[in-house]
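In case you want the letters, here they are:
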Amino acid sequence: MSDFVQSLRLWFAPQRIRDEGETPDYRFSLANERTFLAWIRTALALVGGGFAVDQFLPDLRWGVRVGLALALLGAGVLCALRAVNHWVRCERAMRRGEDLPVSRFPTVLSLAVAVVALAMVVVVVFGWAGR
């Protein structure tokens, strides 16, 4: 069975992770959980930002408003999915005594947020399309 499928199964049955390797120091597992929760908070903030752009900027041109809102909502969805995937991958690595996994996701997320922020700067500097 592929590593991805095993990881995906662990999303819905995390108790199975105990079948792998040895139990790590609980402090590391708790730190992994805190990191997971931080990613979930980030995902919720991105989703909230997407809804805020859509609901509170009605004078913004429809395409720009929807584009910014969807970019933030999409980033929130990806962030939430990445949170659980990264939690599982880190927990497995700790139990197996392997190096922790690396990811390009923080860079991609940072770039996406920066693009949306730059678009918002343009909107603030040049005003709303509806005014």
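Residues numbered from 1 in each chain as written. Predicted model: local features only at pLDDT ≥ 70, side-chain atom pairs only at ≥ 80, totals over all residues. Heavy atoms only, no water.

1. Topic: the packing of aromatic side chains
Part 1 of the reasoning: Within the structure shown, the criterion is met by two aromatic pairs.
Part 2 of the reasoning: The residue whose ring lies beneath Arg82 is Trp39, and the NZ or CZ to ring-centre distance is 4.5 Å. (Phe/Tyr/Trp six-rings, centres within 6.5 Å; stacked < 30°, edge-to-face > 60°. Lys NZ or Arg CZ within 6 Å of the ring centre and 35° of its normal.)

2. Some details on the nonpolar core
Part 1 of the reasoning: Grouped together as the largest cluster of nonpolar side chains are 16 residues, with contacts concentrated most on Trp39, Leu46, Val53, Cys79 and Leu109.
Part 2 of the reasoning: Elements with a contribution of two residues or more to this core: helix H2 (26-56), helix H3 (62-96) and helix H4 (105-126).
Part 3 of the reasoning: Those residues in contact with Leu109 that sit more than four places away from it in its chain are Trp39, Thr42, Leu46, Ala75 and Cys79. (Core = buried A, V, L, I, M, F, W, Y, C linked by side-chain atoms within 4.5 Å. Buried < 20%, exposed > 50% of the residue type's maximum accessible area, 1.4 Å probe, protein only. Helix = DSSP H or I, 4+ residues; strand = E, 2+ residues; numbered from the N terminus. Contact = heavy atoms within 4.5 Å.)

3. Quick word on the environment of Arg16
Part 1 of the reasoning: Relative to the assigned elements, Arg16 resides in the loop between helix H1 (3-12) and H2.
Part 2 of the reasoning: For Arg16, a relative accessible area of 44% corresponds to the partly exposed category.
Part 3 of the reasoning: Placed 103 residues apart in sequence, Arg16 and Ala119 show a C-alpha to C-alpha distance of 44 Å.
Part 4 of the reasoning: Setting aside chain neighbours within four positions, we find Arg16 in contact with Arg9 and Leu10.

4. Considerations on the UniProt feature "transmembrane region" (unreviewed entry) in the protein chain
Part 1 of the reasoning: What UniProt calls "transmembrane region" (unreviewed entry) maps, in this numbering, to residues 36-56, 62-84 and 105-129.
Part 2 of the reasoning: The span residues 36-56 shows a helical share of 100% and a strand share of 0%, and its end C-alpha atoms are spaced 30 Å apart.
Part 3 of the reasoning: The span residues 62-84 is 100% helical and 0% strand by assignment, and the distance between its end C-alpha atoms comes to 33 Å. (UniProt positions renumbered as here; feature names shortened; annotations may be inferred.)

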